[in-house]
Amino acid sequence: MLKIPILRWGQPYESLDTDKVIHFNTGEVLAQVSQAIPGMLAKDMKKAQRAREVLREIPCGELVQMMKKAADLYRDGNLPMGDGEQSPDDFARQQSASTGLPEHMCKANMSKNHFVLSNMERILDCLTRGLDAEILTRGYGMESRGVVVSYQAQSPVLGLVLPSNSPGVHTLWLPVIPMQIGLVLKPGPQEPWTPYRMAAAFFQADVPKEAISIYPGAGEMGAEVVNRCRRVKIFGSTETVKRYEGNPCVQVHGPGFSKILLGDDVVDEWEKYIDLMVDSVYLNSGRGCINCSGVWASRHTKEIAEALAQRLGPIEVKPPEDPKAELAAFTVPGQAQAIHASILEKIKEDGVTDVTSPKYGARLVEKERCAYLRPWVIHGDAPERKIAQTEYMFPYVTVIQCHQNEMIEKMGQTLVCSAITNDKIWERQLMDATNIDRLNIGPMPTIALNWLQPHEGNIVDFLFRSRAFQTPPERIAAH
């Protein structure tokens with residue numbers, strides 16, 4: 001059993017109050033994690049400015065090179081983990097054992113993080129729209145087009161309240177350190193592994209320890225991070241999104257409600273896009289906000305639902321160490337059962353049809369210490385059906401019949417929309433739709449990520465404010 005301390009600006013701190021990270025299948029205690037309290041963060045935030053100062057002493061270009069070194073250490077190295085050491089295989093096993101995600105998916109997420117760190121120079125160039133990184137350090141400078149620009153950091157650190165159920169989200173905060181902004185991380189209770197392993201890799205790559213803090217703890221620690229940090233990313237439910245709506249200091253990553261829309265000009269050839277739909281729904285066990293939870297079309301929806309059920313319905317539960325495992329376990333007691341009951345209640349509505357069961361067997365699989373939900377496909381005959389606005393953390397999809405000219409308005413907020421169409425007029429309407437975040441035009445799965453484009457808002461725009469700035473020309477020339 002590992003003992004994992006709090007990390008206070010790089011310094012380990014053991015608390016008398018601890019929480020256990022437990023293997024979801026065996027009950028084995030994997031780690032004992034020290035728990036932070038709100039007063040600790042209130043005290044430590046007095047040193048937050050120092051995190052930015054130590055990073056600004058290092059040119060952005062050097063920090064980018066440190067990210068590249070950290071990439072290999074994170075993916076391939078044996079790194080400190082609490083009072084022990086962790087190999088890459090240990091990491092995948094431990095993350096799988098506490099989150100329920102199959103081991104091969106944990107390793108795939110390691111590769112994603114490695115890619116982002118290894119390509120940080122290109123990613124920052126795209127996120128800053130080609131801005132000279134030294135302008136972020138200095139606060140002002142001359143662009144190549146001869147215009148003076150100024151960017152002001154809105155916080156010396158970025159606070160993050162991280163989830164337990166989706167390890168893939170860590171790619172979103174990796175560009176922060178090379179932009180010379182410190183990190184205050186509150187890990188999910190079942191997933192301390194990525195923040196601590198990433199911090200260890202950063203430190204071995206010579207990132208200053210004073211730039212990173214990690215505060216494991218209960219819900220009040222998440223609330224304290226939001227209260228104390230001037231810029232915060234938080235991951236949560238629809239209720240969490242509503243709670244912080246309109247707060248410019250908090251960027252909330254909630255449910256995606258990502259969708260595939262089939263235009264009237266292509267819907268008669270829907271069979272061509274079944275593979276794309278299947279991948280969008282179930283890859284990474286359907287846990288991501290970019291996984292598709294709704295397929296909308298004006299006709300052939302029953303046939304589409306049947307075809308999806310035929311592909312997804314037979315998928316069985318396999319042990320997490322099986323390289324062919326496609327489903328993640330629900331490790332929180334009662335969570336899978338509650339979701340199962342909620343869906344069974346919703347499919348009682350007129351116009352809603354369960355296309356998956358009983359034909360392909362029961363959806364809920366209960367084990368001694370955990371439970372699974374097998375893929376579920378549901379058909380709705382109109383967008384007004386309550387089932388049309390649902391999303392869950394497993395391969396779950398509704399197929400909704402809706403006229404093309406009503407789709408944009410009735411589908412609601414959508415993180416990723418893959419609109420398969422050649423209709424130029426509709427394409428323009430989709431481009432103008434403010435309820436769509438990431439837009440794919442053409443046959444692209446919702447899970448297709450381009451790391452050179454922003455995800456749910458540009459982190460540069462969130463951390464830095466563009467402002468008017470004037471100074472005599474000779475001062476600009478001096479730099």
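Residues numbered from 1 in each chain as written. Predicted model: local features only at pLDDT ≥ 70, side-chain atom pairs only at ≥ 80, totals over all residues. Heavy atoms only, no water.

Trainee: Hey, could you run me through the overall build of the protein in this one?
Mentor: Along the protein, the regular secondary structure elements total 17 helices and 24 strands. A compact globule built from 479 residues would reach a C-alpha radius of gyration of about 23 Å, and the protein, at 23 Å, matches this within 12%. Projecting the C-alpha coordinates of the protein onto the three principal axes gives extents of approximately 70 × 55 × 35 Å. Relative to its full complement of 479 residues, the protein shows a buried share of 56%. In the protein, 73% of the contacts between residues at least 6 apart in sequence involve partners at least 24 apart. (Helix = DSSP H or I, 4+ residues; strand = E, 2+ residues; numbered from the N terminus. Rg over C-alpha atoms; globule rule 2.2 N^0.38 Å. Buried < 20%, exposed > 50% of the residue type's maximum accessible area, 1.4 Å probe, protein only. Contact = heavy atoms within 4.5 Å.)

Trainee: I keep staring at the side chain of Gln-154 and nothing clicks. Help me out?
Mentor: With respect to the helices and strands, the residue Gln-154 is situated in the loop between β9 (148–153) and β10 (157–161). Exposure remark for Gln-154: the relative accessible area of 18% places this residue in the buried category. Separated by 3.0 Å, the side chain of Gln-154 and the backbone oxygen of Gln-152 make a polar contact. Setting aside anything within four residues of it in sequence, one finds Gln-154 in contact with Arg-230, Arg-231, Phe-462, Leu-463, Phe-464 and Arg-465. (Polar contact = N/O pair within 3.5 Å; in protein donor to acceptor, adjacent residues only side chain to side chain.)

Trainee: Help me understand the packing of helix α5 (residues 103–118) against helix α8 (residues 193–204), please; the structure alone is not making it clear to me.
Mentor: Two quantities define a packed helix pair, namely the angle between the helix axes and the distance between the axes. At their nearest, the axes of α5 and α8 sit 13 Å apart, and the two run at 35° to each other. As for how α5 packs across α8, the hand of that crossing is right-handed. Touching Met-110, Asn-113 and Leu-117 of α5 are Thr-194, Arg-197, Met-198 and Phe-202, all from α8. Among the residues making up the contact of α5 with α8, the classes are represented as 4 nonpolar, 2 polar and 1 charged. (Axes fitted to C-alpha atoms, helices over the stretch in contact; angles between N-to-C directions. Left-handed = near helix turned anticlockwise from the far one by under 90°. Nonpolar A, V, L, I, M, F, W, Y, C, P; charged D, E, K, R; others polar.)

Trainee: When you look at the packing of aromatic side chains in this model, what are you seeing that I'm missing?
Mentor: For any pair of aromatic rings, the description consists of the separation of the ring centres together with the inter-plane angle of the planes. This structure, assessed with the given rule, holds 6 aromatic pairs. A ring pair is formed by Tyr-140 and Phe-469, whose centres lie 4.5 Å apart and whose planes are at 25°; its orientation type is stacked. One end of the pair, Tyr-140, is in strand β8 (residues 140–142); the other, Phe-469, is in the loop between β24 (464–467) and α17 (473–478), with 329 residues separating them in the sequence. Note on Phe-394 and Tyr-396: the rings are 5.8 Å apart at their centroids and 50° apart in plane angle, and the pair reads as tilted. The same class applies to Phe-394 as to Tyr-396, namely buried. (Phe/Tyr/Trp six-rings, centres within 6.5 Å; stacked < 30°, edge-to-face > 60°.)

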